[in-house]
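Residue-level structure breakdown
Residue strings, one per chain:
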Amino acid sequence: MSIRHGLLALLSRGPRHGYQLRVEFEASTGATWPLNIGQVYTTLSRMERDGLVKPGESDEQGRVVYTITAAGQAEMARWFKTPVVQSDRPRDELVIKLAMAVAAKEVDVAEVIRKQRTATMSALQRLTRAKRAATEGAAQRLVIDSMIFQAEAEQRWLDHCEAVLKEER
C-alpha cells in the first residue's frame, strides 16, 4: 500500500491536517505501519503538486488543513478498484534466506528454521495479545487479523520446509 493512497482514503472522510492524518493512519493500521510526520507532509506536498489535494486555511495552531480534490477522489477510487497482484508485493526475505541456506555450504538449515519458528511463534503471541487489546475498530482488527493469518501461514510453511528437507536426505 502506498502512503499516498492511505492518506487519500483518510481525506475522503473530510479535511485533515498532517498530524491528524498520521494519527488516523497509524490507528487504522493498528500501528503496524508507523509514519514519520515528515513523511506525511512530504506526501501531502507531492499530492498537492499532482492536484490530488488542496491546502486550505490554517487552524488555530497554524497547521494547514488539506482537502481531497476531484482528481484525488478519482485516484483513490482507481486504487480501490485495482487488485493488488503478487508481483507488486515486496520479496519475502525469509523465502530467499531459506533458499540461500539450502544452497550454501555448512549452514544448518534446520537451525535456521527452528530459530525462525521461535520468532514467528513469539510474533503470533504478541499479535494475539494486540488483537485482544484492540480498541480502534474494524480497520485495526482487520490489519491485526491479517498479520495473524500471515504468521500462521508462515508456521505451516516452515513445517513444509522441514518435510521437504527430510525427503531430500
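Everything discussed here concerns the structure shown above.
Residues numbered from 1 in each chain as written. Predicted model: local features only at pLDDT ≥ 70, side-chain atom pairs only at ≥ 80, totals over all residues. Heavy atoms only, no water.

What to know about the overall build of the protein
Operational definition: Think of it this way: any DSSP run of H or I at least four residues long counts as a helix, any run of E at least two long counts as a strand, and we number them from the N terminus. Our radius of gyration looks at C-alpha atoms and nothing else; its globule reference is 2.2 Å times the residue count to the power 0.38. For each residue, the accessible area found with a 1.4 Å probe, counting protein chains only, is set against the maximum for its type, and the residue is called buried under 20%, exposed over 50%, and partly exposed in between. Contacts are assigned to residue pairs with any non-hydrogen atoms lying within 4.5 Å of each other. Accessible surface area values rest on a Shrake-Rupley calculation with a 1.4 Å probe, where residue burial reflects the displayed protein chains alone. Within this scheme the basic residues Lys and Arg register as positive and the acidic residues Asp and Glu register as negative, but His and the chain ends are omitted. Where a charge lies is defined by one atom per residue type: Lys uses NZ, Arg uses CZ, Asp uses CG and Glu uses CD.
A count of helical and extended segments in the protein gives 7 helices and 3 strands. Scaling as 2.2 N^0.38, a compact globule of 169 residues should have a C-alpha radius of gyration of about 15 Å, whereas the protein reaches 21 Å, well beyond that. Its C-alpha atoms give the protein principal-axis dimensions of roughly 70 × 35 × 25 Å. Burial analysis of the protein (169 residues in total) assigns 28% to the buried set. Taking as baseline every contact in the protein between residues at least 6 positions apart, the subset at least 24 positions apart corresponds to 52%. As displayed, the protein offers around 11,200 Å² of accessible surface, 54% of which is attributable to carbon and sulfur atoms. Computed over 25 positive and 22 negative side-chain charges, the inter-centroid distance for the protein is 1 Å.

Some thoughts on helix α3 (residues 37-49)
Put simply, the rule is: A helix is expected to span 1.5 Å multiplied by its residue count minus one. The term polar contact refers here to a pair of N or O atoms within 3.5 Å; inside protein, the definition further demands a hydrogen-donor-capable atom paired with an acceptor-capable atom, and it admits residues adjacent in sequence only when both atoms are side-chain atoms.
The first and last C-alpha atoms of α3 sit 18 Å apart over 13 residues, in line with the 18 Å expected at 1.5 Å per residue. Summarising the contacts, the buried residues of α3 are in contact with α1 (3-11), α2 (18-28), β2 (53-58) and β3 (64-68). The N-cap of α3, judged by a side-chain oxygen 2.5 Å from the amide nitrogen of G38 a few residues on, is N36. Where α3 ends, the next residue or the one after it, G51, has phi of about 75°, a positive value.

What about the packing of aromatic side chains?
Note the threshold: Two aromatic rings, drawn from Phe, Tyr or Trp (for Trp, its six-membered ring), form a pair once their centres lie within 6.5 Å of each other, and the interplanar angle then sorts them: stacked below 30 degrees, edge-to-face above 60, tilted otherwise.
A full pass over the atoms with the stated rule returns 1 aromatic pair. A ring pair is formed by W79 and F80, whose centres lie 4.7 Å apart and whose planes are at 45°; its orientation type is tilted.

Overview of a nonpolar patch on the surface
Threshold: A patch consists of residues whose relative accessible area exceeds 30% and which take part in no salt bridge; residues with like charges are grouped when within 9 Å of each other, and nonpolar side chains (Val, Leu, Ile, Met, Phe, Trp, Tyr) when within 5 Å. In the sections that follow, a salt bridge refers to a side-chain nitrogen of Lys or Arg positioned within 4 Å of a carboxyl oxygen of Asp or Glu.
Nonpolar side chains collect at one region of the surface, where Y19, V23, I37 and Y41 lie side by side and expose about 320 Å² of accessible area between them. Counting only elements with at least two residues in the nonpolar patch, the list comes to α2 and α3. Structurally, Y41 is set in helix α3.

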